[in-house]
Structures are given as C-alpha cells and as structure tokens.
Number of protein chains: 2
Amino acid sequence: MMRRSFQVAARLGHRRALLRTPCILPGLDPAAAFGSSTDSLVSRFCPVKTDLKDYALPNASWCPDMLSLYQEFLEKTKSDGWVKLPSFKSNRDHIQGLKLPSGLVAASDKSDWRIFTRCIQVEGQGYEYVIFFHPFKKKSVCLFQPGPYLEGPPGLIPVGSLAVLNVQVEKIEDQKLYMSCITQSRDQETVYAKSSGVFLQWQLEEESSP
Amino acid sequence: MMRRSFQVAARLGHRRALLRTPCILPGLDPAAAFGSSTDSLVSRFCPVKTDLKDYALPNASWCPDMLSLYQEFLEKTKSDGWVKLPSFKSNRDHIQGLKLPSGLVAASDKSDWRIFTRCIQVEGQGYEYVIFFHPFKKKSVCLFQPGPYLEGPPGLIPVGSLAVLNVQVEKIEDQKLYMSCITQSRDQETVYAKSSGVFLQWQLEEESSP
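In this report, the structure presented in the accompanying data block is examined.

### Structural notes on unusual backbone geometry
Of note in this structure, Gln188 of chain A is not a glycine but carries a positive phi near 65°. Within the secondary structure, Gln188 of chain A sits in the loop between β7 (176–184) and β8 (191–206). In this model, Asp174 of chain B sits at a positive phi of 50°, which is unusual for a non-glycine residue. By secondary structure assignment, the location of Asp174 of chain B is in the loop between β6 (163–173) and β7 (176–185). Among the residues examined, Asp174 of chain B registers a relative accessible area of 79% and is labelled exposed.

### Quick notes on the side chain of Glu151 of chain B
The residue Glu151 of chain B is located in the loop between β5 (139–146) and β6 in this model. One polar contact links Glu151 of chain B to Ser90 of chain A, side chain to side chain, over a distance of 2.8 Å. At 3.2 Å, the side chain of Glu151 of chain B and the backbone nitrogen of Ile115 of chain A are in polar contact. Residues in contact with Glu151 of chain B, not counting those within four places in the same chain, are Lys89, Ser90, Asn91, Arg92, Trp113, Arg114, Ile115 and Phe116 of chain A.

### Points about the pairing of strand β8 (residues 191–206) of chain B
All names here are of chain B. Sheet analysis places strand β3 (residues 98–99) next to β8, joined by two bridges and oriented antiparallel. Bridge pairing in β8 links Leu98 to Glu206. Strand direction decides the pairing type here: β7 and β8, joined by nine bridges, are antiparallel. What sits directly across from Thr183, in β8, is Ala193. Between β7 and β8, which pair antiparallel in sequence order, lie five residues; one of them, Gln188, sits at a positive phi of approximately 65°.

Conventions we followed
- Residues numbered from 1 in each chain as written.
- Chains lettered and ligands numbered in written order.
- Predicted model: local features only at pLDDT ≥ 70, side-chain atom pairs only at ≥ 80, totals over all residues.
- Heavy atoms only, no water.
- Helix = DSSP H or I, 4+ residues; strand = E, 2+ residues; numbered from the N terminus.
- Buried < 20%, exposed > 50% of the residue type's maximum accessible area, 1.4 Å probe, protein only.
- Polar contact = N/O pair within 3.5 Å; in protein donor to acceptor, adjacent residues only side chain to side chain.
- Contact = heavy atoms within 4.5 Å.
- Pairing = 2+ DSSP bridges.

Structure below.
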C-alpha cells in the first residue's frame, strides 16, 4: 500500500479560549498545495475526472462581471500557474479517502449533507462562487455573487453583484499558517471587508486500499 | 404624524480599511432597546400580533436540549426581564416602516428575499435558532442548532446539537457599541468560539403615514 501524507488545517483544542488562537480552514486547504509535491496534491484535490457535480461552474445566474473574470482566470490556468478548485456538495466529497486525526470523525450516515456554502440549491439564489488558487504565489482568488437568499442589512454587498476575495498566505511558521483576505468590488473602488486569521495544519494520510 | 427615533447599527464608510473599525449589526439591533423608552422599542420590534411567520418557534427538529432551554427562557420572559425576539423571513420585515439613512436602500422589488439565516426552508436542515435578550442587562442569548446543510470540516459544532451563544454589550461610547460573544455547549464544558466587535448606531425615524 502506498501512503502519502497531506496537510489539512484544523482547530486547536476545543476547551480553551479561541480568541486570537488558530482556527479551522473551511473545505480544502490551500496550504496543502505548498508542499514539495504540488502536482500530486493538485491531482488529489482537483480531480479532472469525477462523477461528483462541480458547483463552481458558470450557470445562467452569473452576472456578466462574474462570467468575464471567470474566463480571465480560466485562461490563466493554462499557462500562468493558477488552478481552478472544484466545489462539491459535501465537504466529505473533498476529503474522502483520507484518515482524519484522532478525535475527529466525519458523519458516516448517508443523509443529504451539504457544506454550508452549497446549502441553497436554486441557481443564483444563494452562494455562487468559484475559487482559483496559485500554489507558488500562495494566494487564492474567490469570485463571489450573493443571491437574494443571503440578504443582510441594507448597505452590504449588493445582491446579484460580483465581490472579489483576495486571499494571501502572509507567512508560515511550523504548522501555523497566517492568512489575510480583502473583499472588494471588481474595480477595487469599494472595500467590503478585511480579515485575517491563523490556521493550524495537520498531517493526513490516505486510508488503506481495501 | 407622530415621529419616534430609533437606533440601528450600521457600517462606517465603504471605502476605508474595515479591519478593527465598526461593522454592521445583523438584523434587529439589540442596542435599540437600551434607550429611554424600552417598552415602546420592544413593542415596535417584537410585535405580538403580526401576519408574518415567526421562525423562532419550536418545531419537530429541535433537539431536547434546545426545547428545554427554550422553555426555561420563555419562563424568564414572564417576570425576569427577558424578551423573546421574533424572527421573520426577510430583514425588510424587521425594518419596514423605518426610513433608512441617506445612501442606504432596501431593495423594493417583490422577489423572494430571505435573511441568510433563514435561507434554508426545510425544518432542521439549516439554521434553527431563537434569540432572547435582556435590555437592562445588555445581553442576549441565542439558542442555535445547526442542521446537515451547514456542514463544515470535521471538528466543528456537532450537527443537530445545541450551541448557546452569549452576547454581551461590554461598553457604549457615544455611537459605538462594543460587543462580545462566546459560543459554548449547554454545559459550558466546550467553547466553540469567541468573538468581539465594534458596532455603530444610527438614528432611524418612522416613515410618514400615507
């Protein structure tokens, strides 16, 4: 049996104060691509052939800005080192085949589980987004178009418009990953939000083949 | 025409760095209840009679812990100064009849808008929650039960279980509201998250009657 190790990010301890301590990375860990074997990690987490539906593909609800910037980044995947991340319905689809660290379990029932950003099934009503990442630049770009089921108070990002999230790994110290994100309009004239966080990477291994 | 002023919290400017600056309060503003006329504010924001569906009521999906703590707080609304907040489908239902500050508009079309925490319509699949608040203690308690459509990475709050959010107003300086929140299991043995933020209050007025 061949074993390879992967890194995932996960939260430090449950019972301590969490303010300003490392926290969990949602879904696929971009840091996994910073290892020595980028190609194998990309092929592991971004399968070209799969029966799973990829929700990070254009649909009729995408606004022209979202579509055109998607096409721009798609071009960059051909020669510029950018990779398009697939987005499956459940987080379990992303991590299937990997052994979780002791104490963490993925629910094993066959219920209809959905990662929260794919909880709204009608196109355009909820979270429309696609993520591109650049392993060597240690950055990701998420194109995000919120729908009318994501209403907030007046003054937030306009529903149906494009917001661009630029995520940057600022530094890596041992297992700690320091990341920042700025969310802006496409023309960068409007800053919607800025954030930063510290994430912890864990080693994961492939499960044994049956 | 009678006019009354209300306070809502809203974000400071769009074009500046937002990190560590005041940010927007989602939905109803608890600070509104700290004014001199608490009773009138409670009757404005917590209508007893309304045609709107209140989603913050028990349903068959609520776990026993959620139900029993709900009953405990409901008892406290009778004599202990706690108020149960209603939760409508759209934020516009909460703020209808109020004039928004210049530059902020609520969409005027008749589409099916939903506040993001009420975006999942099947009971128990998404956000089940109810909020109680105590105007004089300047605190709120939210009982929250995430469903399988809010899946995250393994290790987060267990799906279908109760998380209790304790929100406290730490201090008020002019228009600034400093708030903190701790999210725990009911027995307080497990801390899921801690957070804090600064919010800005704005004055709102009732719209003129036609």
